[in-house]
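Each chain is listed here by its residues.
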Amino acid sequence: MRILLIASAYNSLTQRVHAELRDRAYGVAVEVTATGDAVRAAADRHRPDLIVAPMLKTVVPRDVWASRPCLIVHPGPVGDRGPSSLDWAIQEGAERWGVTVLQAEEEMDAGPVWATADFAVPPVGKSDLYRNELADAALDAVHTAVERFASGAFSPTDQRALPSAPGARVRPAMRQAARRIAWDADTTETVLRKLRAADSQPGVLDELLGAEWFLHGGRPEHRLRGRPGELLATRAGAVCRATVDGAVWIPELRARTRPGEARACKLPATLALAGRLPRLPEAGAPALPSADDPAWSDIRYHEAGPVGVLSFSFPGGAMSTDHCRRLLRAWRAACERPTEVLVLGGARDFFSNGIHLGVIEAAADPAAESWANINAMDDLVEAVLTTDDRLVAAAVGGNAAAGGVMLALAADEVWCRSGSVLNPHYRRMGLYGSEFWTYTLPRRVGPAAAERLTRDALPVSASRALDLGLADRVVECAPAGFTAEVTRLAERWAASPGARARLAAKKAESERREAVTPPAAVRARELERMRSIFFDPEAPYHALRRAFARKETAPDGAAATHARAAEVTDA
């Protein structure tokens, strides 16, 4: 069966639907479309048996949905309609929500239902929820709907014949007026719900230090107090701001720009406020912040017997020079602990997407910042790769891409949650890549598969990663249970009869690698290629980076080297 995926962006859900439908041996084509005419042209070009829209902001033309089945994935339960479904659910404190796969018709989100699934709503940001609990439910519903369509024996159900879920209704797009924080009136819980409902897009528009900013992310602060709206402290690039009954940490800001100006980059809050920020105390965290400490930190560590778990969670999976250096310090501190197995990762959501393109784009000298960032990333990966006194597992709870995948491959084993999607390539940003990928990727999957993965630039599901050798284990669990599950697996690994032999073999391999393929030589070769790209002002990387960081369309010259989703087709 031929399936055409149409989407307004090749986002995380579209990638996961694409990868998992390919795993099930369907012929899948993907088109990123911005207009109804583009949807029509895509349908005419591919002539699919079925159209599926995982994330579509435009209206499907009548002649398209009237001539062939077109299934829309709506991020809301039966009875819910509107473009801000998840935003409203989070801001209003819904405890459960749903996903509905419905047939496109004249009225938006009103067509007959092919499948639906519900999920719990934990206290996390919208983007985290979307990539995890919602995505798990969406894939269950999509697979059910596609199987029902393939059977030829199923008739979708009119929505009016189904009960509406609690809280489901027709609602408008959520505007900034509904998101605005009243610092002198809103409780910490209300502020957090507003911040979570706007994360990562569009952010909450606010005034701060004489300028307008979009606030992104929000974590509770349990000790600091001050006048509502007052900035109290900084930590790890975030700023702490007082509420009427507490305070919140805001990790990222994006400056509001005037019409016609380039969109500002989303940045760590202290970097965005550079030159404006008053002198504030740095509420620094120890090198290994305890997972039991309620104080917010983007790096956490806990031990369970012979196992240490070093988890981290950076917004959007992007790792700036500072992120890499702080995580490296934490890694070295964790290696001083008396553990036998060290787990890197284990948090829900993104593992890592490599270097921080937003910080690089906003830098006074993007080429120099690119160089600093990739070297800091390489320092971290090298430390993981050369740790030979204990076993190391990379626990990938969410998605990973580019250098983030290669960071995971530096470990002895890679454990992926079942909903993870890996993009083990750099092509879409016009980069050659570093992070020792020319050693670790072929070592795991073989030279031919490594070349194909980096050339084709397609997303890889967790199960496919296991088949390829990119992963050693797929962990079947809900996002919220991932940390506990990988800790349990690591304890079993440490106690297994083969652990000592595995460690001895690892040390022997380390000695052989140093003699045959020294990591320093691998790093030097990769960085030579990367340096030539970073410091070439005509390299496509610069236009692609700008387009990504500022949400612009890449120029045609740069796009020619870019693996566009519209070009992705399986026969």
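The structure presented is a predicted model; accordingly, all values stated were derived computationally and were not measured. (Residues numbered from 1 in each chain as written. Predicted model: local features only at pLDDT ≥ 70, side-chain atom pairs only at ≥ 80, totals over all residues. Heavy atoms only, no water.)

Draft legend 1. Just the sheet that holds strand 7 (residues 204–208), in detail. Within the open sheet, the 4 strands sit side by side as 7-8-13-14. Their pairing is antiparallel. Of all strands in the sheet, those bounded by a partner on one side alone are strand 7 and strand 14 (267–268). The sheet contact formed by strand 13 (residues 252–255) and strand 14 spans 2 bridges and is antiparallel. When the sheet's bridge partners are listed, Glu252 is paired in strand 14 with Pro268. (Pairing = 2+ DSSP bridges. Helix = DSSP H or I, 4+ residues; strand = E, 2+ residues; numbered from the N terminus.)

Draft legend 2. Up close: the nonpolar core. Counting 70 residues, the largest nonpolar core has Leu310, Trp331, Phe351, Leu407, Leu441 and Leu470 as its most contacted members. For this core, the leading source of residues is helix 11 (residues 366–385), giving 8 residues. With sequence-adjacent residues up to four places away left out, Leu441 is seen in contact with Met406, Leu409, Pro424, Gly446, Ala450, Leu453, Thr454 and Leu470. (Core = buried A, V, L, I, M, F, W, Y, C linked by side-chain atoms within 4.5 Å. Buried < 20%, exposed > 50% of the residue type's maximum accessible area, 1.4 Å probe, protein only. Contact = heavy atoms within 4.5 Å.)

Draft legend 3. Examining the packing of aromatic side chains more closely. What the rule picks out here adds up to 10 aromatic pairs. Through pairs of rings, three or more aromatic residues link up here, namely Trp114, Phe149 and Phe154. For the cation-ring pair, Arg529 lies above Tyr432, with the distance from its terminal atom to the ring centre recorded as 4.0 Å. In this structure, Arg531 is placed above the aromatic ring of Trp371, and the distance from its NZ or CZ to the ring centre is 5.0 Å. (Phe/Tyr/Trp six-rings, centres within 6.5 Å; stacked < 30°, edge-to-face > 60°. Lys NZ or Arg CZ within 6 Å of the ring centre and 35° of its normal.)

Draft legend 4. Up close: helix 16 (residues 482–495). Taking 1.5 Å of rise per residue, 14 residues should cover 20 Å, and helix 16 covers 20 Å from first to last C-alpha, within 8% of that figure. Those residues of helix 16 not exposed but buried are Phe482, Val486, Thr487, Leu489, Ala490, Trp493 and Ala494. Down the axis, helix 16 shows its buried residues gathered within 165 degrees of arc, on one side only. The exposed residues of helix 16 that point more than 90 degrees off its buried face are Ala484 and Ala495. (Expected span 1.5 Å × (residues − 1). Arc of directions from axis to C-beta.)

Draft legend 5. Structural detail: the packing of helix 11 against helix 18 (residues 519–534). Relative to each other, helix 11 and helix 18 sit at 160 degrees, their axes nearing to 11 Å. Regarding the angle of helix 11 to helix 18, the classification is roughly antiparallel. Here helix 11 and helix 18 pass one another in a crossing that is right-handed. Contact residues: helix 11 offers Ala367, Ser370, Trp371, Ile374, Asn375, Asp378, Asp379 and Glu382, while helix 18 offers Pro519, Arg523, Leu527, Met530, Arg531 and Phe534. (Axes fitted to C-alpha atoms, helices over the stretch in contact; angles between N-to-C directions. Parallel < 35°, antiparallel > 145°, perpendicular 65-115°, else oblique. Left-handed = near helix turned anticlockwise from the far one by under 90°.)

Draft legend 6. Structural context of the confidence of the model for the chain. Per-chain confidence: the chain averages 95 in pLDDT, with 97% of residues scoring 70 or above. Contacts of residues 558–571 to residues separated by more than four positions or lying in other chains number 33 contacts, the stretch itself having pLDDT below 50. (pLDDT = per-residue confidence, 0-100.)

Draft legend 7. Fine view of unusual backbone geometry. Residue Ser200 is bonded to the preceding Asp199 through a cis peptide linkage, with omega at 0 degrees. Position of Ser200 among the secondary structure elements: in the loop between helix 7 (188–197) and strand 7. Note that the residue after Gln201, namely Pro202, is joined by a cis bond; omega there is 5 degrees. For Pro202, the position within the fold is in the loop between helix 7 and strand 7. Positive phi outside glycine occurs at Asp109, with the angle close to 60 degrees. With respect to the secondary-structure elements, Asp109 resides in the loop between strand 5 (96–103) and strand 6 (113–120). Phi is positive for Glu435, which is not a glycine, with a value near 60 degrees. Within the secondary structure, Glu435 sits in the loop between strand 21 (421–423) and helix 13 (437–445).

Draft legend 8. Spotlight on the environment of Leu503. Within the secondary structure, Leu503 is located in helix 17 (residues 499–516). Distance from Leu503 to Val392, taken between C-alpha atoms, is 9.8 Å for residues 111 residues apart in sequence. Aside from chain neighbours lying at most four places away, what touches Leu503 is Asp388, Asp389, Arg390 and Leu391.

Draft legend 9. Region of the structure containing the pairing of strand 15 (residues 299–304). Across 6 bridges, the pairing between strand 15 and strand 16 (residues 307–312) is antiparallel. Paired with Ala304 across the strands is Val307, a residue of strand 16. Adjacent in sequence and paired antiparallel, strand 15 and strand 16 are bridged by 2 residues, among which Gly305 carries a positive phi angle near 60 degrees.

Draft legend 10. Just helix 7, in detail. By the criterion of burial, helix 7 is predominantly enclosed, with 7 of the 10 residues buried. The complete set of buried residues in helix 7 reads Thr188, Val191, Leu192, Lys194, Leu195, Arg196 and Ala197.

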